[in-house]
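Overview (structure and organization)
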Amino acid sequence: MSDFSKALDVSSSGLRAQANRLRHLSENISNADTPGYRRKLVSFQTAFSLGDAPAEVKTGRVHLDQSELEKVYDPAHPLADDTGQYDGSNVNLLIELADAKEAQRSYEANLKMFEQTRKMSSGLLDLLRR
Amino acid sequence: MFEQLDVFRMSSSMAVHAGQRQAIASQNVANSDTPGYVPKDIAAFEALYQSGHDGSAQRATRTGHLHGSVEGQQIAEPFEVRDEASPNGNSVSLEAEMLRSLDAKRQHDRSLAIYKSALSVLRSTIGK
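Residues numbered from 1 in each chain as written. Chains lettered and ligands numbered in written order. Predicted model: local features only at pLDDT ≥ 70, side-chain atom pairs only at ≥ 80, totals over all residues. Heavy atoms only, no water.

Let us look at the side chain of His17(B). All names here are of chain B. Mapping His-17 onto the fold places it in helix 1 (residues 6–30). His-17 sits in the buried class, given a relative accessible area of 4%. From its side chain, His-17 meets the backbone oxygen of Ala-43 in a polar contact 2.7 Å long. Setting aside residues up to four positions removed in sequence, His-17 forms contacts with Ile-42, Ala-43, Ala-44, Phe-45, Leu-48 and Gln-107. (Helix = DSSP H or I, 4+ residues; strand = E, 2+ residues; numbered from the N terminus. Buried < 20%, exposed > 50% of the residue type's maximum accessible area, 1.4 Å probe, protein only. Polar contact = N/O pair within 3.5 Å; in protein donor to acceptor, adjacent residues only side chain to side chain. Contact = heavy atoms within 4.5 Å.)

So, about helix 2 (residues 93–125) of chain A. In this model, helix 2 of chain A (33 residues) spans 48 Å end to end at C-alpha, consistent with the 48 Å of a helix rising 1.5 Å per residue. When helix 2 of chain A is considered as a whole, its buried residues turn out to be Glu96(A), Ala100(A), Ala103(A), Ser106(A), Ala109(A), Asn110(A), Met113(A), Gln116(A), Thr117(A) and Met120(A). Against helix 1 (3–30) of chain A together with helix 1 and helix 3 (94–125) of chain B lie the buried residues of helix 2 of chain A. (Expected span 1.5 Å × (residues − 1).)

Residues and elements named next belong to chain B. Within the structure shown, the criterion is met by 1 aromatic pair over all chains. Consider the rings of Phe-8 and Tyr-115, whose centres lie 4.9 Å apart with planes at 70°: the pair is edge-to-face. One end of the pair, Phe-8, is in helix 1; the other, Tyr-115, is in helix 3, and 107 residues separate them in sequence. (Phe/Tyr/Trp six-rings, centres within 6.5 Å; stacked < 30°, edge-to-face > 60°.)

Limitation: the analysis is restricted to geometry and does not speak to function.
Below, the structure is given as structure tokens:
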């Protein structure tokens, strides 16, 4: 396997991981008003690589944020307890949006690397042209 | 036949080196959010060429060998670049990786230009 295909492989693994992260973020955002929803967290880890293969990245297991759920006061709500409160979700939109911005930035960086590698290998192929 | 000519050999190993550097930079960017990841780099081509030492990694001669170059491929030994780390222990700087990748691209273009020009000299000697 040439270095270029290795570079393309590892860049696409980065793109995949960031897209997966973005998917979980949008899941959190769309469930921001679901009662009792705990936000999902994904972490990245380096995939095990054999020989001189580059270290690809993959998303690890999904964790649920165990921080306290927001208490919402609404006595008319069907889930409300004796005190008139029910458990909301622990999603903080500000955090999710900041995280999404970071994911976008990393995604673009990976895309840039992919493009750069593609340019290099097409330059190599141009040697065959006269 | 071309492998015997020094200018071809040098420019092609320069292109291989640039490819390796690009692969390393891509790896660093892909892992830019992995907790605890330390970015890697390989020595500059000039340094490797002048020292005479090819800087290659250990060979993997069996399938059980986890690291090292396979099939007689010469790969430069990557080393870790310790830099300021973010709270999760990751010390990749996207800007530095972009520069590294740009460096690799320029080196690759340069080596291809040398190869091309040497090839055209060779062509003109056979009158085509």
